[in-house]
Amino acid sequence: MFLCDFHIHSCYSDGKLSVAELVDFYGARGFGAIAITDHLCETRTFLGQSARVLQKTLLKNNFNRYIKEIRTQAERALRRYNMIVIPGVEFTKNSFSHRDSAHILGLGIHSFIDPDLSISRIVDEVHGQQGLVIAAHPVSTRKMEPQTYHLWDHRDELSTQFDAWEVASGAHLFTEVFESGLPMIANSDLHQPRQMSSWKTVLDGPRTLQNVFSGIKKQELDFTYYENPFPWQADQKHKKASWLMPDLLGSSLGG
Ligand SMILES: [Zn+2]
Ligand SMILES: [Zn+2]
């Protein structure tokens, strides 16, 4: 059995740690599989354009560098920690209305996908790259942040397209998702070390991409609340940085 977290942000978008630091952060804690899923914001909306100005989103022109860096770190993670690192993105469709906002995780992709495409087209493109599509925090996160209800409001028609729905994106378990009968996954939506204490997915079998994806698809998984064993150590190094750089877009980007 091994711990997994498939929703993690690096400093390529609005996360505090680099990809290398995330690998060491999770590897040192014995995780078996993680996915790096930086925001890829729409370009046509006001909030998407704001994210570009504030450098809180991946761009088309740094996407290949992002994937290459994750691949390099994935090789190191496998050698050093026996942990697999999956490249991913969080397609980020933000609107001033919670009901029109949607965040979609694409796991295991390797080529750029236009975030301005419709949700159905994004799903097709991710599946076309043999990736998985996850509905991120589809119900209320109980946090003071913008919410993303579009996917949940359309779950009847989207249920056949999405591979799993987040039953947690942090410390709170979404009972609506848990009781829905939809396929589930638990992640942390980690932006900074202190968010490490959260629900995680547990998988069994070999630590390979094939086994991980199959476990999610067949729902042969479990969930556990993970209490970060070294919280003081994790925040020490980044304390100064977070004081100096408040999350400028935190209120509009959401998780
Ligand atoms: Zn999100
Ligand atoms: Zn996120």
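The shown structure was predicted, so the numbers you read here are calculated from the model rather than taken from an experiment. (Residues numbered from 1 in each chain as written. Chains lettered and ligands numbered in written order. Predicted model: local features only at pLDDT ≥ 70, side-chain atom pairs only at ≥ 80, totals over all residues.)

**Re the overall build of the protein**
Phase 1: Scanning the protein from terminus to terminus reveals 11 helices and nine strands.
Phase 2: Considered along the principal axes of its C-alpha atoms, the protein spans approximately 45 × 40 × 35 Å.
Phase 3: The buried share of the protein, taken over its 255 residues, is 46%.
Phase 4: Taking the contacts inside the protein whose residues are at least 6 apart along the sequence as the reference set, 65% of them involve residues at least 24 apart. (Helix = DSSP H or I, 4+ residues; strand = E, 2+ residues; numbered from the N terminus. Buried ≥ 20, exposed ≤ 12 C-beta atoms within 10 Å, placed from the backbone. Contact = placed C-beta atoms within 7 Å.)

**Here we look at the sheet that holds strand β1 (residues 2–8)**
Phase 1: On the basis of which strands lie adjacent, the open sheet formed by nine strands has the order β7-β6-β5-β4-β3-β2-β1-β8-β9 and mixed pairing. The open sheet terminates on both sides in strands that have one partner only, identified here as β7 (184–187) and β9 (222–226). This sheet shows a mean twist of 35° between the axes of neighbouring strands, independent of strand direction.
Phase 2: Sheet analysis places strand β3 (residues 84–93) next to strand β4 (residues 102–107), joined by six bridges and oriented antiparallel. From the neighbouring strand, Gly-88 faces β4, where its bridge partner is Leu-107. (Pairing = 2+ DSSP bridges. Axes fitted to C-alpha atoms, helices over the stretch in contact; angles between N-to-C directions.)

**Considerations on the nonpolar core**
When a protein is soluble and globular, its nonpolar side chains tend to lie buried together.
Phase 1: Core analysis: the biggest nonpolar cluster contains 64 residues, and Ala-33, Ile-34, Met-83, Val-85, Ile-104 and Ile-134 have the highest contact counts within it.
Phase 2: A total of six residues in this core trace back to one element, the largest contributor, which is strand β2 (residues 33–41).
Phase 3: Not counting residues up to four positions away in its chain, the partners in contact with Ile-104 are Phe-91, Ile-119, Ile-122, Val-133, Ala-135 and Ala-136. (Core = buried A, V, L, I, M, F, W, Y, C linked by C-beta atoms within 7 Å.)

**Examining the environment of Ala-135**
Phase 1: With respect to the secondary-structure elements, Ala-135 resides in strand β5 (residues 132–135).
Phase 2: Between the alpha carbons of Ala-135 and His-9 there is a distance of 16 Å; along the sequence they are 126 residues apart.
Phase 3: Leave out the neighbours within four places in its chain, and Ala-135 touches Ile-104, Leu-151, Phe-162, Trp-165 and Glu-166.

**Concerning unusual backbone geometry**
Phase 1: Not every positive phi belongs to a glycine, and His-137 is a case in point at roughly 20°.
Phase 2: On the secondary structure map, His-137 appears in the loop between β5 and α5 (150–153).
Phase 3: Exposure remark for His-137: the 28 C-beta atoms within 10 Å place this residue in the buried category.
Phase 4: Of note in the backbone geometry, Asp-189 takes a positive phi value of approximately 55° without being a glycine.
Phase 5: Take Asp-189: there are 25 C-beta atoms within 10 Å of it, and that puts it in the buried class.

**With respect to the pairing of β1**
Phase 1: Taken across its seven residues, β1 has five buried, putting it largely inside the fold.
Phase 2: Where β1 meets strand β8 (residues 198–203), three bridges bridge the pair, whose relative direction is antiparallel. In the sheet register, Cys-4 faces β8, and the bridge partner there is Thr-201.
Phase 3: With three bridges connecting them, β1 and β2 associate as parallel partners. Directly across from Cys-4, in β2, lies its bridge partner Ala-33.

**Remarks on the packing of helix α1 (residues 19–27) against helix α3 (residues 63–81)**
Phase 1: Close contact between α1 and α3 brings their axes to 10 Å; oriented N to C, the two are set at 25°. Of the possible angle classes, the one that applies to α1 and α3 is roughly parallel. As for the relative orientation of α1 and α3, their crossing is right-handed in sense. Mapping the contact onto sequence places Val-19, Ala-20, Val-23 and Gly-27 in α1 and Glu-69, Ile-70, Gln-73, Arg-76, Ala-77, Arg-80 and Tyr-81 in α3. (Parallel < 35°, antiparallel > 145°, perpendicular 65-115°, else oblique. Left-handed = near helix turned anticlockwise from the far one by under 90°.)

**Digging into the confidence of the model for the protein**
Phase 1: When pLDDT is averaged along the protein, the result is 91; 90% of the residues meet or exceed 70.
Phase 2: In this model, residues 238–253 is a region of pLDDT below 50 whose contacts with residues beyond four sequence positions or in other chains number 22 contacts. (pLDDT = per-residue confidence, 0-100.)

**Points about α1**
Phase 1: Regarding α1, the residues found buried are Val-19, Leu-22, Val-23, Tyr-26 and Gly-27. In an axial view of α1, the angular spread of the buried residues amounts to 120°, which keeps them on one side of the axis.
Phase 2: Contacts made by the buried residues of α1 are with β1, β2, α3 and β3. (Arc of directions from axis to C-beta.)

**Overview of the environment of Arg-79**
Phase 1: By the element assignment, Arg-79 lies in helix α3.
Phase 2: Taking the number of C-beta atoms within 10 Å as the measure of exposure, Arg-79 has 9 and is therefore exposed.
Phase 3: Taking the C-alpha atoms as reference, Arg-79 lies 28 Å from His-127; in sequence the two are 48 residues apart.

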